[in-house]
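Survey of secondary and tertiary structure
As a plain string of letters, each chain reads:
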Amino acid sequence: MLDGPASREVWFRAYGGGSSIADFLDDRLSILLALGLTKVDGSSVALSGKAGKCMALLVLNLRKFYGIPNE
């Protein structure tokens, strides 16, 4: 049990089943790509179409609702 808020590294490892941040992000990116919400353009990733932009707006609003800071 943690005494306080978990660091990002600790949270990623706990939520990602012990994997690194890079592995966690690769896994989530593959989901977003499969859903057609993002696209890869060279070495960058961008939102794809209306669905991707709507999902980003939903996430931003949920972050505000739950008081999660944008960093």
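A few points on the structure. Throughout this document, residue positions are counted from 1 along each chain, in the order its sequence is written. Only residues with pLDDT of 70 or above have their local features reported here, since the model is predicted, and side-chain atom pairs are shown and tallied only from 80 upward, although totals for entire chains, interfaces and linings are computed over all residues. Computation of side-chain values covers all heavy atoms of the structure but excludes hydrogens and water.

Focus: the pattern of salt bridges
- Put simply, a salt bridge is a Lys or Arg side-chain nitrogen that is within 4 Å of an Asp or Glu carboxyl oxygen. By the definition in use, this model includes 1 salt bridge.
- Asp 27 is paired through a salt bridge with Arg 28; the nearest N and O atoms lie 2.1 Å apart.
- On the basis of relative accessible area, Asp 27 is assigned to the partly exposed category, the value being 35%.
- Residue burial is assigned from relative accessible area. The probe radius is 1.4 Å, only protein chains are included, and a residue is buried under 20% of its type maximum, exposed over 50%, and partly exposed in between. We classify Arg 28 as partly exposed; its relative accessible area is 29%.

Structural notes on the environment of Arg 28
- Strands are runs of DSSP state E lasting at least 2 residues, helices are runs of H or I lasting at least 4, and numbering of each runs from the N terminus. On the secondary structure map, Arg 28 appears in helix α2 (residues 21-34).
- In sequence terms Arg 28 and Gly 16 are 12 residues apart; their C-alpha atoms lie 9.9 Å from each other.

Points about a nonpolar patch on the surface
- Any residue with relative accessible area above 30% and no salt bridge may belong to a patch, with like charges joined within 9 Å and the nonpolar Val, Leu, Ile, Met, Phe, Trp and Tyr side chains within 5 Å. Surface accessibility in these figures is a Shrake-Rupley result with a 1.4 Å probe; residues are shielded only by whichever protein chains are displayed. Together, Met 55, Leu 58, Val 59, Leu 62, Phe 65, Tyr 66 and Ile 68 make up an exposed nonpolar region whose accessible area comes to about 710 Å².
- Checked against the element boundaries, Met 55 lands in helix α3 (residues 49-66).

Overview of the packing of aromatic side chains
- Stacked, edge-to-face and tilted labels apply to pairs of Phe, Tyr and Trp rings (six-membered ring for Trp) whose centres lie within 6.5 Å, assigned for plane angles under 30 degrees, over 60, and everything in between, in that order. A full pass over the atoms with the stated rule returns 1 aromatic pair.
- Taking 4.9 Å as the distance between ring centres and 90° as the angle between the ring planes, the aromatic pair formed by Phe 65 and Tyr 66 counts as edge-to-face.

Structural notes on the environment of Leu 62
- With respect to the element layout, Leu 62 can be found in helix α3.
- In the structure, Leu 62 is positioned 11 residues away from Ala 51 in sequence and 16 Å away in space, judged by C-alpha atoms.

Considering α2
- What a helix is expected to span follows from its residue count: subtract one and scale by 1.5 Å. The first and last C-alpha atoms of α2 sit 20 Å apart over 14 residues, in line with the 20 Å expected at 1.5 Å per residue.
- At the exit of α2 stands Gly 36, carrying a positive phi of roughly 75°.

Some words on the packing of helix α1 (residues 8-15) against α2
- Contact geometry of α1 with α2 gives a least axis separation of 9 Å together with a crossing angle of 55°. When the axes of α1 and α2 are compared, the pair comes out oblique. Regarding α1 and α2, the two cross each other, and that crossing is left-handed. For the pair α1 and α2, contact is made by Glu 9, Trp 11, Phe 12 and Tyr 15 and by Ile 21, Phe 24, Leu 25 and Arg 28, respectively.
- Looking at the contact of α1 with α2 residue by residue, the classes come out as 6 nonpolar, no polar and 2 charged. Under this scheme, a helix contributes an axis fitted over its contacting stretch, all axes are lines through C-alpha atoms, and angles between N-to-C directions fall in the 0 to 180 degree range. Comment on the angle field: the value is read as roughly parallel under 35 degrees, roughly antiparallel over 145, roughly perpendicular from 65 to 115, and oblique elsewhere. Whether a crossing is left-handed or right-handed is set by the direction in which the near helix is turned from the far one by less than a right angle, anticlockwise for left-handed and clockwise for right-handed. Residue contacts follow a heavy-atom distance rule, with two residues in contact if any of their heavy atoms lie within 4.5 Å. When residues are grouped by polarity, Ala, Val, Leu, Ile, Met, Phe, Trp, Tyr, Cys and Pro land in nonpolar, Asp, Glu, Lys and Arg in charged, and all others, Gly among them, in polar.

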